[in-house]
Amino acid sequence: MNWAGGFQSSLNFLNHLVSGALIDVAKHLGNLSFRVWEKMKDNVHFSPVILDPNTAYGRLHLSDDLTSVRYGDTKQQLPDNPERNTKYKFVFGSEGFSSGKHSWEVEVGDHPRWRLGLVKESVDRKGELCVSPEFGIWCLLHDDGKYCNGVGKTLKAKKSLQRIRVQLDYDRGKVSFYDPEDMSNIYTHRDTFTEKLFPYFSVGKSADAKTSDIKIS
């Protein structure tokens, strides 16, 4: 009886030690993660980007939660308000940035035609323009397996990119694109920004692709 009781007491003691050790480790890792997060938070703000339906071209159909967009077969009858893009298949984010660092990710899957980046607030939404920094659009383009920087340069990618991270450093004048799997840089635009910038999206027909919508993570 005493032997059994002593054995049980030893087990309880060991369990107490192991449990205590696990709690300490979890607490340590939790604090470490928090410190890393705090450091990242000071450098880059991960922005919850929501699409602005008042800027959407007529053939662009937005999801109910305003986080994804697809090219539709029919053109919607939408008001020709000043914010709306009526010439090109563009839609902008609802919130603009005029300072700091901001980042968001977009799931593009195997969609064959899309453009992502940032656009200046005063961009011409009704007339002719080129998708380039000269006209106030800093973007990454994808067209049938080829990537382009928006100024006529074809980019080499190691693989077909399923997700894109867009990152803005307003104060240093940088718009960068990354593969979020390994954070390898795809391309960086460098410029001087003088007005508010908005997240920019453009999407074409998905054809036979499995991915019909591009979605903001």
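These figures come from a predicted structure and were not determined experimentally. Starting from 1, residues in each chain are numbered consecutively following that chain's sequence as written. In keeping with the predicted nature of the model, local features appear solely for residues at pLDDT of at least 70, side-chain atom pairs appear and are counted solely at 80 or more, and the whole-chain, interface and lining totals rest on all residues. Side-chain metrics rest on all non-hydrogen atoms present in the structure, leaving aside hydrogens and water.

Visitor: What exactly am I supposed to notice about the overall build of the chain here?
Guide: Only DSSP runs of H or I with at least four residues qualify as helices, and only runs of E with at least two residues qualify as strands; both kinds are numbered from the N terminus onward. Counting its secondary structure elements, the chain contains one helix and 14 strands. Working definition: with a 1.4 Å probe on protein chains only, accessible area under 20% of the residue-type maximum means buried, over 50% means exposed, and in between means partly exposed. In the chain, buried positions account for 41% of the 217 residues. Contacts in the chain between residues far apart in sequence, at least 24 positions, make up 65% of those at least 6 positions apart. Each accessible area is a Shrake-Rupley result for a 1.4 Å probe, and residues are judged covered by the shown protein chains and nothing else. Total accessible area computed for the chain in this model is approximately 12,800 Å², and 52% of it derives from carbon and sulfur atoms. Any two residues whose heavy atoms approach within 4.5 Å are treated as being in contact.

Visitor: Before we go on, may I ask you to explain the nonpolar core in this structure?
Guide: Nonpolar side chains in soluble globular proteins tend to end up buried together. Nine residue types can take part in a nonpolar core, namely buried Ala, Val, Leu, Ile, Met, Phe, Trp, Tyr and Cys, and a core is a set of them joined through side-chain atoms within 4.5 Å. One finds Leu 116, Ile 164, Phe 201 and Ile 214 to be the most contacted residues of the largest nonpolar core, which totals 33 residues. Secondary-structure elements contributing two or more residues to this core are β5 (101–107), β6 (113–120), β7 (137–143), β10 (163–169), β11 (174–179), β12 (184–190), β13 (197–203) and β14 (213–216). The contacts of Leu 116, once residues within four sequence positions are left out, are Val 106, Val 108, Trp 138, Cys 139, Leu 140, Ile 164, Val 166, Phe 177, Tyr 200, Phe 201 and Ile 214. If you look at the next biggest cluster of nonpolar residues, it comprises 12 residues, including Leu 129, Val 131, Ile 137 and Cys 148.

Visitor: Please explain the environment of Glu 83 as it appears in this structure.
Guide: Here Glu 83 is to be found in the loop between β3 (68–71) and β4 (90–92). Overall, Glu 83 belongs to the partly exposed group, its relative accessible area being 36%. Linking Glu 83 and Asp 52, residues 31 residues apart in sequence, is a C-alpha distance of 9.4 Å. Once you skip the residues sitting within four places of it in the chain, Glu 83 turns out to touch Asn 54, Thr 55 and Arg 125. Looking at Glu 83, its side chain comes within polar contact range of the side chain of Asn 81, at 2.7 Å. Contacts described as polar in this section are N or O atom pairs within 3.5 Å, which, within protein, must combine one atom able to donate a hydrogen with one able to accept it, while residues neighboring in sequence count only if both atoms come from side chains.

Visitor: Any chance you could explain the pairing of β7 here in plain terms?
Guide: A regular strand places its side chains on the two faces of the sheet in alternate fashion. Counting buried residues in β7 gives six out of seven residues, a clear majority hidden from the surface. The pairing criterion for strands is at least two bridges between them, as found by DSSP. As paired strands, β6 and β7 are joined by seven bridges and run antiparallel to one another. Each residue of the ladder has a partner; that of Trp 114, found in β7, is His 142. In terms of strand pairing, β7 meets strand β8 (residues 146–148) through three bridges, oriented antiparallel. Bridge assignment links His 142 to a residue of β8, and that residue is Tyr 147. Counting the residues in the hairpin turn of β7 and β8 gives two residues, including Asp 144, whose phi is positive at 50°.

Visitor: Please explain the pattern of salt bridges as it appears in this structure.
Guide: Note on pairing: side chains with opposite charge can pair once their charged atoms come close. Salt-bridge detection follows one rule: a side-chain nitrogen of Lys or Arg within 4 Å of a carboxyl oxygen of Asp or Glu. Tallied over the entire structure, the rule returns 11 salt bridges. A salt bridge links Arg 163 to Glu 105, with the shortest nitrogen-to-oxygen separation between them at 2.7 Å. One end of the pair, Arg 163, is in strand β10; the other, Glu 105, is in strand β5, with 58 residues separating them in the sequence. The exposure class assigned to Arg 163 is partly exposed, which follows from its relative accessible area of 29%. Looking at Glu 105, the relative accessible area reads 15%, which means it is buried. Across the pair Glu 181 and Lys 159 runs a salt bridge whose closest N-O atoms are separated by 2.6 Å. With a gap of 22 residues between them, Glu 181 in the loop between β11 and β12 and Lys 159 in the loop between β9 (154–155) and β10 connect regions that are remote in the sequence.

Visitor: Whenever I open this one, the pairing of β13 confuses me. Can you help?
Guide: Of all seven residues in β13, seven are buried, a share of seventy percent or more. Sheet topology note: the β4/β13 ladder contains three bridges and is antiparallel. Residue Phe 92 lies in a different strand from β13, and its bridge partner there is Tyr 200. Sheet analysis places β6 next to β13, joined by seven bridges and oriented antiparallel. Paired with Arg 115 across the strands is Ser 202, a residue of β13.

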